[in-house]
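Understanding the architecture of this molecule
Read off the chains here:
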Amino acid sequence: QVRLVESGGGLVQAGGSLRLSCSASGREVRTAVMGWYRQAPGKKREVVAFIFVNGGTSYPDSVKGRFTISRDNAENAMFLQMISLKSEDTAVYFCNLRHDGIEYWGQGTQVTVSS
């Protein structure tokens, strides 16, 4: 019964910023591991950020220093702040929630970075 809905994607020029949101229902985000993934045309889906139950975060080298994942427990939402965007960041971005071996996904939001 978990439902995840992403929003905030769009078209931005290289060097610009976007803030993605993931609204969750059916489970409190503070009790689950959550993350952001992205999938570009012709490429595998890859993780770009994780936030753990204790609030710790993890990022791959490709986005470190540019992307920041966060939670708002009151809103039961997760966010991805992206700055200094590059053309290679262009992808569909997906919200992910994991708990007790079960994964849930949103439908994705398109981020397009022009150059």
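Computed from a predicted structure; not experimentally measured.

What follows is about the nonpolar core. Here is a general trend for soluble globular proteins: nonpolar side chains tend to be buried in one another's company. Formed by 29 residues in total, the largest nonpolar core has its most connected members in M34, W36, L80, M82 and Y93. Elements with a contribution of two residues or more to this core: β3 (18-25), β4 (33-39), β5 (46-51), β7 (67-72), β8 (77-82), β9 (91-99) and β11 (109-114). Excluding residues within four positions of it along the chain, M34 makes contact with L4, C22, V29, A49, F50, I51, I69, M78, C95, N96 and L97.

Across the sheet, 4 strands lie side by side as β1-β3-β8-β7; this open sheet has antiparallel pairing. This sheet does not close on itself; its edge strands, each paired only once, are β1 (3-7) and β7. When the angles between neighbouring strand axes are averaged without regard to direction, this sheet yields 15°.

On to the environment of K64, then. Mapped onto the elements of the fold, K64 is located in the loop between β6 (57-58) and β7. Relative accessible area serves as the criterion here: at 48%, K64 is assigned to the partly exposed category. Along the chain, K64 and G10 lie 54 residues apart, while their C-alpha atoms are 21 Å from each other.

A separate point is the state of the cysteines. In total, this model carries 1 disulfide according to the counting rule given. For C22, the disulfide goes to C95, at an S-S distance of 1.9 Å. Disulfide C22-C95: torsion about the S-S bond near -75°, hence left-handed. Of this pair, C22 sits in strand β3 while C95 sits in strand β9, and the two are 73 residues apart along the sequence. According to the relative accessible area criterion, C22 is buried, its value standing at 0%. When its relative accessible area of 0% is taken as the criterion, C95 is described as buried.

Definitions and cut-offs
Residues numbered from 1 in each chain as written. Predicted model: local features only at pLDDT ≥ 70, side-chain atom pairs only at ≥ 80, totals over all residues. Heavy atoms only, no water. Core = buried A, V, L, I, M, F, W, Y, C linked by side-chain atoms within 4.5 Å. Buried < 20%, exposed > 50% of the residue type's maximum accessible area, 1.4 Å probe, protein only. Helix = DSSP H or I, 4+ residues; strand = E, 2+ residues; numbered from the N terminus. Contact = heavy atoms within 4.5 Å. Pairing = 2+ DSSP bridges. Axes fitted to C-alpha atoms, helices over the stretch in contact; angles between N-to-C directions. Disulfide = S-S within 2.5 Å.

Keep in mind these numbers describe shape, not what the thing actually does.
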